Amino acid sequence: MSTDKLFNFLKAVETVKKDYTCGHCKEMCVKPVTLSSCFHMICSNHFRDLKLCPTCKIPLDGCITYVDEQLETCVESIKELNKLCKDLRPTNIEASKAAKNSKSNKKSESGHENKQKVLKSDKNTSLLSNINTKGIEKKNSKGETVLHVACRLGKVDRAMDLLNMGANSNTKDNAGWTPLHEVVQNGNLELVRLLLQFNTLIDVPGQNNETPLHEAIRYSHVDIATELVKNGADLEARNCKGETPLQLASEEIKSILLEAAEDLQQTQGVNISHIANIHSELDFDDIRVFCLSHVRSVSNKLKLLAKRHSNLHLETKFTKKVTHLVTDEEDGVCVPSIDILQGIVYGIWILSSQWVNKSTEDSLEHFEEYEVKGIGNKLYRGPKISRYNKYKQLPGLFDGCHFYLHNFTTSYELSKTLVLTKAILSKLITDASGIVLRRVPNPELIPDSEKLIPYHAKKGGKLEICSHYIIFKDTYQPMYNMAHIKALPLGWLIECLEKYELCDP
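Please read these numbers as outputs of a predicted model, since none were measured by experiment.

## Considering the packing of helix α17 (residues 338-346) against helix α20 (residues 422-431)
Consideration 1: The interhelical angle for the contact between α17 and α20, taken along N-to-C directions, is 15 degrees, at an axis separation of 9 Å. As summarised for this structure, α17 and α20 are arranged roughly parallel, according to the angle between their axes. Seen from above, α17 lies across α20 with left-handed handedness. Residues Ile338, Leu341, Gln342, Val345 and Tyr346 of α17 pack against Ile424, Lys427, Leu428 and Asp431 of α20.
Consideration 2: For the contact of α17 with α20, the class distribution of residues is six nonpolar, one polar and two charged.

## Side note on the UniProt feature "repeat: ANK" (unreviewed entry) in the protein chain
Consideration 1: The sites that carry the UniProt feature "repeat: ANK" (unreviewed entry) are, in the present numbering, residues 142-174, 175-207 and 208-240.
Consideration 2: As a span, residues 208-240 carries 48% helix and 0% strand, and end to end its C-alpha atoms are 5 Å apart.

## Focus: helix α16 (residues 296-308)
Consideration 1: Here α16 is 13 residues long and its end C-alpha atoms lie 19 Å apart, about the 18 Å a rise of 1.5 Å per residue gives.
Consideration 2: Restricting attention to buried positions, one finds in α16 the residues Val298, Leu302 and Leu305. Within α16, the buried residues cover an arc of 65 degrees as seen down the axis, which keeps them to one side. Opposite the packed face of α16, turned more than 90 degrees from it, sit the exposed residues Arg296 and Lys307.
Consideration 3: Contacts from the buried residues of α16 go to β4 (287-291), β5 (312-314), β6 (324-327) and α18 (354-358).

## Things to note about the sheet that holds β4
Consideration 1: Taken together, the four strands give an open sheet; going across it, the order is β5-β4-β6-β8, and neighbouring strands pair in parallel fashion. Two strands in the sheet have a free side with no partner beyond their single neighbour: β5 and β8 (349-352). Each adjacent strand pair in this sheet contributes to an overall mean axis angle of 30 degrees, direction not counted.
Consideration 2: With three bridges connecting them, β4 and β6 associate as parallel partners. Within β6, the position partnered with Cys291 by the bridge is Val326.
Consideration 3: α16 contacts β4, β5 and β6 of the sheet and is inclined by roughly 130 degrees relative to β5.

## Looking at the environment of His181
Consideration 1: Position of His181 relative to the elements: it lies in helix α9 (residues 179-185).
Consideration 2: A residue is classified by how much of its surface remains accessible, and His181, at 0% relative accessible area, is buried.
Consideration 3: Each C-alpha atom, one on His181 and one on Ala216, is 8.8 Å from the other, the two residues being 35 residues apart in sequence.
Consideration 4: Beyond its immediate stretch of four places on either side in the chain, His181 contacts Gly176, Val204, Pro205, Gly206, Glu210, Thr211, Pro212 and Glu215.
Consideration 5: Only 2.9 Å separates the side chain of His181 from the backbone oxygen of Glu210, close enough to count as a polar contact.

So, how was this worked out
- Residues numbered from 1 in each chain as written.
- Predicted model: local features only at pLDDT ≥ 70, side-chain atom pairs only at ≥ 80, totals over all residues.
- Heavy atoms only, no water.
- Axes fitted to C-alpha atoms, helices over the stretch in contact; angles between N-to-C directions.
- Helix = DSSP H or I, 4+ residues; strand = E, 2+ residues; numbered from the N terminus.
- Parallel < 35°, antiparallel > 145°, perpendicular 65-115°, else oblique.
- Left-handed = near helix turned anticlockwise from the far one by under 90°.
- Contact = heavy atoms within 4.5 Å.
- Nonpolar A, V, L, I, M, F, W, Y, C, P; charged D, E, K, R; others polar.
- UniProt positions renumbered as here; feature names shortened; annotations may be inferred.
- Expected span 1.5 Å × (residues − 1).
- Buried < 20%, exposed > 50% of the residue type's maximum accessible area, 1.4 Å probe, protein only.
- Arc of directions from axis to C-beta.
- Pairing = 2+ DSSP bridges.
- Polar contact = N/O pair within 3.5 Å; in protein donor to acceptor, adjacent residues only side chain to side chain.

This is how it looks when you write it as structure tokens:
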């Protein structure tokens, strides 16, 4: 091992040791617990006497502790690894560190550049630090992960360590904010730049569908807004009121942002592809299949595969646990059914039964090649579009839409495989982030709280500002055709689900 590689390896060990060191006694944790307020770790026997977190000094009023049996195992593993590393450490390791830091500082003109250099070398620690990545993603009562808390408190070094350990920079808290929203609101440009180096999605809508760029402009953080635009932020993204970042900006800021857009440094396409690949790998770790195939040999082979592969589980009911639907198809197209539509709404994999036939007792096929291309039609590519919508953490298909189901008092057969009731339709709509109304909406008296902009409506399309829909069965009365309210047939609603698109009528 070269000197540089040895140095980086030893440095990684020290970084992990630091994460498992008690903030109170400064020793490796004994019976470690995690504080719910800030996710820092301490020895369990110190908690009763503490009023402040010994690491970040925030009050512990109302704080509880999480106990994770894996933590203690991890601590013991690090202790053993540390013992093995003692023989590898040169006696002048501190001198080596000083020399390396000095050399790095000479190459950097600013503190920001130096941070980036440390970050790049620290990326080697991620594999070592993945010993306890599950703990990193635990949430407190506000839905915040430890990265949320570090970003909210402006802890740059802590955030860097967590990102190097594999923390997800795109997780939403209960209010819909991501870590990027947090640092934008606090005006922390250094943390913004740090997050953008770790495949952070830049246009994730938070509360009221406000993107980080909306927030940067609202808080007058021009330098952050410029940085976001240079990294591909959408100047035309609409919040629930239809406001875009450009519309919120003053004329002076608008010109700055438009100039920044011409100096585009990266787009979000690469990040989205990378995140989709990560999700595919994660989806492979825990495959929960609900089988819709009518071919007995398919269901029999699935049972055999489940016995041979520990990551494959069969579900007897279609619940939110299901990650994959297996169905029969022809030329990449499957017949629409309630379960298929529900699978699209959930954004899960909808696979051809050929995935089962081609998989063996030794290995399971990858999913991409066997994903159903269309629902009822080759052009209706809802499965993949909905999956990517979920990966990008965008709102559901019917976000901002209110539906009244007219005269759905009995079941209605749209096709032999699609028999719908009001309850089934209501669930599909609400699971897709829509709202089902109990009364016919009055076009002249729409409440302000319901005057929303549909997130997935096409800009400049017929539904751009249409927040209310009256859905009829096969024959319908075109009683309303206004910009904000329309009467449409049930077939339109089903087509929207099959395409995962708010289709222009």
